[in-house]
Amino acid sequence: MAKKKHTDYVDLKDQPIPEGQHLLEVDNLKMFFHTEDGVVKAVNGVSYTLDRGETLGVVGESGSGKSVTHMTIMGLIDMPPGKIEDGDIRYRGKSLLEMSEQEMQHVRGNDIAMIFQDPMTSLNPVYKVGRQVGEGLRLHRGYSKQEALERATELLRLVGIPSPEKRVNEYPHQFSGGMRQRVMIAMALACDPDILIADEPTTALDVTIQAQIIELMKEMQQKNGNAIIMITHDLGVVADMADKIMVMYAGRPVEFGTADEIFYESRHPYTWGLIRSIPEQAIDEKKPLTPIHGNPPSLVNLPKGCPFAPRCPYAVDICHEKEPEHITTETGHYSACHFADDPEFLKFAPDTSRSRGKIATGMPDTLEVTEDATKTTGSKKTGGEA
Amino acid sequence: MLYPSPTQRLGMEAKATSDAQDQSKSGLPSRTLWGDAWKRLRQNKLAIIAAIWIIFVALVAISADLWAPQILGSPTSADTTAMATSSLQPPSLEHPFGTDVTGRDILVRVIYGARISLTIGLLATAISTAIGLVMGALAAYYGGMFDTIIMRCADIFLAFPYVLFVLCLIAALGQSITNVFVAIGILGWPSIARVFRSAILSVKENDYVDAARSMGASDFRIVARHIFPNSVASIVVYATMNIGSAILSEAAISFLGMGVQPPNPSWGIMIQDGQAYLMTAPWLMIMPGLAILTTVLAFTLLGDGLRDALDVKMKDA
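Residues numbered from 1 in each chain as written. Chains lettered and ligands numbered in written order. Predicted model: local features only at pLDDT ≥ 70, side-chain atom pairs only at ≥ 80, totals over all residues.

Enquirer: Sorry if this is basic, but what is going on with the sheet that holds strand 3 (residues 55-59) of chain A here?
Expert: Either a parallel or an antiparallel arrangement is found when strands of a sheet pair, and the pairing is made through backbone hydrogen bonds. Residues and elements named next belong to chain A. Pairing in this open sheet of eight strands is mixed, and the strands run 6-7-8-3-9-10-12-11 from one edge to the other. This sheet does not close on itself; its edge strands, each paired only once, are strand 6 (112-115) and strand 11 (327-328). In this sheet, strand 12 (residues 334-335) lies alongside strand 11 in antiparallel orientation, the contact comprising two bridges. Paired with Thr328 across the bridge in strand 12 is Tyr334. Where helix 7 (residues 177-189) meets the sheet, it contacts strand 6 and strand 7 (195-199), and its direction lies at approximately 170 degrees from that of strand 6. Lying on the sheet, helix 11 (residues 269-276) is in contact with strand 3, strand 9 (244-249) and strand 10 (252-258); it crosses strand 9 at an angle near 105 degrees. (Pairing = 2+ DSSP bridges. Helix = DSSP H or I, 4+ residues; strand = E, 2+ residues; numbered from the N terminus. Contact = placed C-beta atoms within 7 Å. Axes fitted to C-alpha atoms, helices over the stretch in contact; angles between N-to-C directions.)

Laid out in structure tokens, this is it:
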């Protein structure tokens, strides 16, 4: 097998974006799995655009197609059983779907890199961390072993791992979960990619570490100017990070808009459900969360009409019969709901104005926390005495 | 408070030592996977005893020509002159394992038998492993029809009565020691293929394989650098244990008269020779039986030890 040298490739990320196009354009992407049980419509008409320095949050339940969409962009879906039925993915004006496997191998890790959900299993247990962080550099940049190791040390320092000279020579099992996720970030950023796809990067971590990792990703984005696609099931995670948010349900985007539009002017009952199920931080009394009842529909036999209708508390006849079109506002905020432009209907939306500016985060501003904490303790004490 | 209280001081000390331990833990000289495995293997006394025993048996068998016949007499030709007097002697200083019906020393025959047994164990396992690795890798990696065909073949192989199959194969290939290796080796592949296939399948599902792909690694690189190193442990372990069962198979085949032919000694044949004298001269069977037992047991224990040593997750445990 003749080994192709890195110099044989043209780095796509060095090419200018054609006039009028975006860094990444996903255009009516449809990816179905052909299984024995039938056709699983995992990705069913996803479109969006992304520019450098932007962050897109992709939110949805398990099985909503958010991960599969992005695995498809990376070309990581086995085909068969997967098959692209329609649509295109263009990166700097070049269709990723038309690329050969070899070209895609050069795009992966070099132009578009990915961080996975579980840092405990995403590192190969038999190799030292330094070698894994440097793997991309050796693959794409033709670094020597020594150069790759030196660069890996620098990268580990950059992502905030203490005494990286020592840590590069350790195995993944010698790292804690948060540290491993930092290693994953270092690995993904090694080749300075244009787009960083983060597939639930904080789900497996505890809250304090979550905030650190998100902070780190933002910081790295400011340094490198890369775009981030943040896949999560937790609206809170993308709240203060994302510029745009796409809410996915049953393989299709049901609402798309800026982060503010999604949080404060949401026009889709599914998004409302997601917002209502965020635990509120400032609570004086224990209040039950409001879950979305039921389960996502089977992607093999999608119900007729709106896929969310069976779980939607506001569903009426038309919802069970006709699939809603995207209703778009002038700012580009769209919602796949028949009533998205009905002001009467929108009155059902959760009242988030109260929490404007603080819903976001894993970390509300400090003053409020202290106040609430005192309050909570106070009321508990009273309860105890009584 | 100006001075730390004793408890605080204790607490601080405790913290300091735990810090020092952390330091020493992370400050260990960096080692390779195999270096670490060796370190863990050394702590497993049973496995080390087993390894020493195997090395001892191997050294004795290899060097046998240099000293054994001179001290103990020829392993093959009967000592006709002394036959009347030295036949079927119980173990003694002169003949530590006793003598057989033609007056040959049992110890020297066990030693020469070890040559055959160890060679068969290693060669047959090498053949099985080579076939099994290729088959298992093909089945796991290409899947689909390939997988079905290979694994159904393996099932058919495994469904046959093993000894009968080996006997048929030897009958077809012709009776010779080489063909005993080949027959045992060929028939050993299905279980290795199964073990390797399942190892690859489970490793393939790991996130780090996806992560490597997402970094732009090619299929070949993924198999060679990520899948193989993570599944090789189970193969090493299985192959080690397989050596033991190949030795047993040879003994069984020779016992049935289809393997090594007299007057060449092999442990199986010696047991067969001895069975007529089970009641009168039990050492004829016991000594080669003990040789089989200890050697097979040693390979099994070593395999167990290797499995623990090669498990990365057991590190620092």
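After presenting the structure, the write-up continues.
Enquirer: I'm lost on unusual backbone geometry in this one. Help?
Expert: Most peptide bonds are trans, and most residues other than glycine sit at a negative phi. Residue and element names in this part refer to chain A. If you check the backbone angles, Asn28 has positive phi at about 45 degrees while not being a glycine. Take Asn28: it is sitting in strand 1 (residues 24-35). Residue classification places Asn28 among the exposed residues on the basis of 12 C-beta atoms within 10 Å. (Buried ≥ 20, exposed ≤ 12 C-beta atoms within 10 Å, placed from the backbone.)

Enquirer: In this structure, what is going on with the nonpolar core? I would like to understand it.
Expert: Soluble globular proteins tend to bury their nonpolar side chains together. The biggest cluster of nonpolar side chains holds 176 residues, and the ones touching the most others in it are A:Ala186, A:Ile229, A:Met230 and A:Val247. A per-element tally of this core places helix 5 (residues 106-142) of chain B first, with 16 residues. (Core = buried A, V, L, I, M, F, W, Y, C linked by C-beta atoms within 7 Å.)

Enquirer: Any chance you could explain the confidence of the model for chain A here in plain terms?
Expert: Detailed conclusions should not be drawn from predicted coordinates in areas where pLDDT is low. Residues and elements named next belong to chain A. The predicted model of chain A averages 79 in pLDDT, with 86% of residues at 70 or higher. Predicted confidence is poor over residues 1-5, with pLDDT under 50, and the contacts of this stretch with residues over four places away or in other chains come to two contacts. Overall, residues 357-386 carries pLDDT values under 50, and its contacts beyond four positions in sequence, including any with other chains, amount to 23 contacts. (pLDDT = per-residue confidence, 0-100.)

Enquirer: Where do I start with the sheet that holds strand 4 (residues 82-91) of chain A in this structure?
Expert: Residues and elements named next belong to chain A. Read from one edge of the open sheet, four strands run 2-1-4-5, paired in antiparallel fashion. The open sheet is flanked by strand 2 (38-50) and strand 5 (94-95), the only strands paired with a single partner. As defined by bridge partners, strand 1 adjoins strand 2 across 10 bridges and the pair is classed as antiparallel. Within strand 2, the residue paired with His34 across the bridge is Val39.

Enquirer: When you look at the confidence of the model for chain B in this model, what are you seeing that I'm missing?
Expert: All names here are of chain B. Mean pLDDT for chain B: 78, with 83% of residues reaching 70 or above. No element of chain B has a lower mean pLDDT than helix 1 (residues 6-26), at 39, and none a higher one than helix 6 (residues 144-159), at 89. Of the regions scoring below 50 in pLDDT, residues 1-30 engages in eight contacts with residues more than four places distant in sequence or in other chains. If you check the scores for this complex, the pTM reads 0.69 and the ipTM reads 0.73.

Enquirer: What is the right way to look at the environment of A:Asp243 in this model?
Expert: Residues and elements named next belong to chain A. As for its position among the elements, Asp243 is in the loop between helix 9 (235-239) and strand 9. Spatially, the C-alpha atom of Asp243 lies 6.3 Å from that of Glu54, the residues being 189 residues apart in sequence. Once residues lying within four places of it in the same chain are set aside, the contact partners of Asp243 are Glu54, Thr55, Thr258 and Ala259.

Enquirer: Explanation requested: helix 5 of chain B in the structure shown.
Expert: Working note: α-helix, 3.6 residues per turn, so residues spaced by three or four point in the same direction. Residue and element names in this part refer to chain B. Taking 1.5 Å per residue as the helical rise, helix 5 with its 37 residues ought to reach 54 Å, and the 52 Å between its terminal C-alpha atoms agrees with that figure. Counting buried positions along helix 5 yields 26 of 37 residues, so the element is predominantly enclosed. Positioned one or two residues after helix 5, Gly143 has a phi angle of 60 degrees, which is positive. (Expected span 1.5 Å × (residues − 1).)

Enquirer: What should I look at first to understand the pairing of strand 8 (residues 227-232) of chain A in this one?
Expert: Along any regular strand the residues' side chains alternate between the sheet's two faces. All names here are of chain A. Of all six residues making up strand 8, six are buried, and the element is well covered by its neighbours. By the bridge criterion, five bridges tie strand 3 to strand 8 in an arrangement that is parallel. Note that in strand 8 the partner of Val58 across the bridge is Ile231. Considered for its hand, the β-α-β crossover made up of strand 7, helix 8 (residues 207-224) and strand 8 is right-handed. (Right-handed = clockwise from strand over helix to strand, strands pointing away.)

Enquirer: What exactly am I supposed to notice about the interface of chain A and chain B here?
Expert: If you look at the interface, chain A gives 29 residues, while chain B gives 22 residues. Of all the elements in the fold, those that place two or more residues in the side of chain A that touches chain B are helix 2 (101-107), strand 6 and helix 4 (135-141) of chain A. Of the residues that constitute the side of chain A that touches chain B, the class distribution is 11 nonpolar, 12 polar and six charged. (Nonpolar A, V, L, I, M, F, W, Y, C, P; charged D, E, K, R; others polar.)

Enquirer: I'm lost on the packing of helix 9 (residues 207-214) of chain B against helix 10 (residues 219-255) of chain B in this one. Help?
Expert: For any two helices packed against each other, the geometry comes down to the angle between their axes and how far apart the axes lie. Residue and element names in this part refer to chain B. Where helix 9 meets helix 10, the closest approach of the two axes is 10 Å, and the angle between their N-to-C directions is 145 degrees. Considering the relative orientation of helix 9 and helix 10, their crossing is right-handed. Residues Tyr208, Val209, Ala212 and Arg213 of helix 9 pack against Ile222, His226 and Ile227 of helix 10. Residues of the contact of helix 9 with helix 10, tallied by class, amount to five nonpolar, one polar and one charged. (Left-handed = near helix turned anticlockwise from the far one by under 90°.)

Enquirer: I would appreciate a short explanation of helix 10 of chain B in the present structure.
Expert: Of all bends in helix 10 of chain B, the biggest is about 50 degrees, found at B:Phe228, and the proline B:Pro229 comes one to four residues later. Looking one or two places after helix 10 of chain B, you find B:Gly257, whose phi comes out positive at around 90 degrees. (Bend = angle between axes of the 7 residues up to and from the residue.)

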